[in-house]
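Residues per chain are reported as follows:
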Amino acid sequence: MTNYLVVGSGLFGSTFAYEVAKRGNRVKVIEKRDHIAGNIYTKEVDGIQVHQYGAHIFHTSNKEIWEYINQFAEFNRYTNSPVANYKGEIYNLPFNMNTFNKLWGVVTPAEAQAKIDEQRQVLGDKKPENLEEQAISLIGTDIYQKLIKGYTEKQWGQKATELPAFIIRRLPVRLTYDNNYFNDTYQGIPIGGYTQIIEKMLASDLIDVETGVDFFDQKQEYIDQYDKVIFTGMIDQFFDYQLGELEYRSLRFETEEMDVDNYQGNAVVNYTDAETPYTRLIEHKHFEFGKGDKNKTIVTKEYPANWSRGDEPYYPINNDKNNRLYKAYRDLAQTEPKVVFGGRLGQYRYYDMHQVIHAALQVVKDELKD
Ligand code: FAD
Ligand code: UDP
C-alpha cells in the first residue's frame, strides 16, 4: 500500500485519487480553494447548474474516456453551438456554411471555398507562422477581422501576430451547414452538474479530502510525510520560480441573476469585437435545455485578465518562450523523484477535460507498474 498526497482536487487529481484508492492505496487530497472540483466546479442556484469557472462542455472521440466519465454521471445531449455577436451582427460558429452565407451571401461549398481562396492570397506562399497568418490562411481576412482578431487579442492580451498558430487550429472550419463547435464523436453536459463527478471520485473511505489548505504552507513537511506526491498546481511555483516565471492568462467572472426566463436564447454568445470588455456571455440554464426556475436566469460574463502572482492561472500561454522554460522545469522535476506533476498547471498544457482524464490514467498506469 502506498500513501499518496494529491495536491489539487480538480479533474486530474481526483481521477488519480479514485483509481489508486480503488486498488487499496490511501490518499490525502489537499485543495486550496474552499470547494472541490477545480475549474469544473458547478453549483446549483434556482435549480440551474452554474458553471462557476466558465462554460464546460465535455467532448471526446475516445470511447474509453467517454465510458469512463459516464460512470460518474449521466450526460445530456447538449451540443455546443455558440453564436458570435460582432457589433450586433450575429454569426454561427464554428466557421461553417451558415457563417459564410451570412457574411458573403454564398450558398454552395464551392462558392465559399473560392471566397476563402481569394482572401488568403494576401499571404502569398508564406507558411503561417503566427495566429493571424494561420487564421487568414484557414478562413480569409473578413472572418479574421470580424470574428477572430478582436476576440483573440482580448482573450490573450497580445497581438494575434505574436500568438502561436495552434490556438486557432482548435476551431473547426467546415464547408457544411453544421453549427456543432466540436468534431468529436461524443459530447454532452452531466445532468446535475460536474461537481457530483468529483464527489463520487473522492467518495472512498481511503480518501481524505481537506479544502482551504495550501500545499506551500508546509511544502517540505508534506513531501517528507507521504510516499508519493501528485502535484496539480503550478510547476514554476513548486520550484519557487527559480528558473523564472511561466506566463498565464487569468479571467474574471461576473455572474448575475435576472428575473426573466430566457435572456439570450443560447448557452454561449461570443462578443468578438475589440471594444466589449468580455469575451463570452453564458446563460447557464441552456446547458440543460431551460431547466430550473421559469422566472429566473443566471448569466456570467467572462472577462480576460492579466495574470500576476496570487491570481488564478486559468490558461497556460504555450508560446515558444514559455514552452522552453516549461521544459527546463520538467528537467528540474527529475530531481524530485517523489513528485509527479500533472494537469493543466502541473504539465503547463492547454488540456481539455478528456485529455486531463487520459493523462491522469496514464500516470496511474505508470505508478502501478512500480
Ligand atoms: P484544475 O481544475 O485547475 O485543478 C487544479 C486544482 O489544484 C485547483 O482546484 C487548485 O485550486 C488546486 N491547487 C493549485 N495549487 C494548489 C496548492 N498550492 N495547494 C492546494 N491546492 C492547489 N475543457 C473542456 O473539455 N471543455 C470545455 O468546454 C472547457 N472549457 C473551459 C473554460 C474555461 C474558462 C477554462 C479555464 C477551462 C476550460 N476547460 C474546458 C478546461 C478544463 O477546465 C481543464 O481541462 C480541467 O479542469 C483541468 O483539470 P486540472 O485538474 O488539471 O486543473
Ligand atoms: N476564437 C476566436 N473567436 C471566437 C472563438 C474563439 O477568435 O469566437 C479563438 C480565440 O483565439 C480562442 C481560440 O479561438 O482563444 C480557442 O477557442 P476556444 O473556444 O477553444 O477557447 P477556450 O474555450 O479554450 O477558451
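Naming follows an unreviewed UniProt entry, where the protein chain appears as UDP-galactopyranose mutase of Latilactobacillus graminis DSM 20719. Under Sequence similarities (unreviewed entry), UniProt gives the following word-for-word description of the protein chain: "Belongs to the UDP-galactopyranose/dTDP-fucopyranose mutase family." For the protein chain, the Cofactor (unreviewed entry) comment in UniProt is given as "FAD".

Turning to the site of ligand 2, a few remarks are in order. Surveying the vicinity of ligand 2 reveals 17 residues, the closest of which are L147, T152, Y181, Y315 and Y350. One of the side-chain nitrogen or oxygen atoms of Y315 is found 2.5 Å away from an oxygen atom of ligand 2. Compared with its free state, where it exposes 530 Å², ligand 2 has 93% of that area covered by protein. Ranked by the residues each element gives to the shell around ligand 2, the list is headed by helix 5 (residues 131–156), at 6 residues. When the residues that make up the shell around ligand 2 are grouped by side-chain class, the tally is 11 nonpolar, 4 polar and 2 charged.

As a further point, take the site of ligand 1. Taken together, 32 residues lie around ligand 1, and E31, H56, I57, Y351 and M353 are the ones closest in. I57 is positioned such that a nitrogen or oxygen atom in its backbone is 2.8 Å from a nitrogen atom of ligand 1. Here a nitrogen atom of ligand 1 and a side-chain polar atom of D352 are 3.3 Å apart. With the chains in place, 96% of the 1,000 Å² that ligand 1 exposes on its own is no longer accessible. When its residues are assigned to classes, the shell around ligand 1 shows 17 nonpolar, 8 polar and 7 charged.

Our focus in this paragraph is the sheet that holds strand 10 (residues 228–231). Strand order in this open sheet of 5 strands is 9-2-1-10-16, and the pairing throughout is parallel. The sheet is open, and its two edges are formed by strand 9 (207–211) and strand 16 (339–341), each paired on a single side. Across the sheet, the mean angle separating the axes of adjacent strands is 15 degrees when strand polarity is ignored. Taken together, the 5 bridges between strand 1 (residues 3–7) and strand 2 (residues 26–31) define a ladder with parallel strand orientation. When the sheet's bridge partners are listed, V6 is paired in strand 2 with V29.

For strand 1, the buried fraction is high: 4 of the 5 residues fall into the buried class. Crossover strand 1 to strand 2 through helix 1 (residues 11–22) is right-handed. Looking at chain direction, strand 1 and strand 10 are connected through 4 bridges and run parallel. Paired with L5 across the strands is V229, a residue of strand 10.

For strand 2, a buried count of 5 out of 6 residues is recorded, marking the element as mostly surrounded by other parts of the structure. As judged from the 5 bridges shared by strand 2 and strand 9, these two strands associate in the parallel manner. Within strand 9, the residue paired with E31 across the bridge is T211.

Analysis parameters
Residues numbered from 1 in each chain as written. Chains lettered and ligands numbered in written order. Predicted model: local features only at pLDDT ≥ 70, side-chain atom pairs only at ≥ 80, totals over all residues. Heavy atoms only, no water. UniProt positions renumbered as here; feature names shortened; annotations may be inferred. Near = heavy atom within 4 Å. Polar contact = N/O pair within 3.5 Å; in protein donor to acceptor, adjacent residues only side chain to side chain. Areas by Shrake-Rupley, 256 points an atom, 1.4 Å probe, with all protein chains shown as cover. Helix = DSSP H or I, 4+ residues; strand = E, 2+ residues; numbered from the N terminus. Nonpolar A, V, L, I, M, F, W, Y, C, P; charged D, E, K, R; others polar. Pairing = 2+ DSSP bridges. Axes fitted to C-alpha atoms, helices over the stretch in contact; angles between N-to-C directions. Buried < 20%, exposed > 50% of the residue type's maximum accessible area, 1.4 Å probe, protein only. Right-handed = clockwise from strand over helix to strand, strands pointing away.

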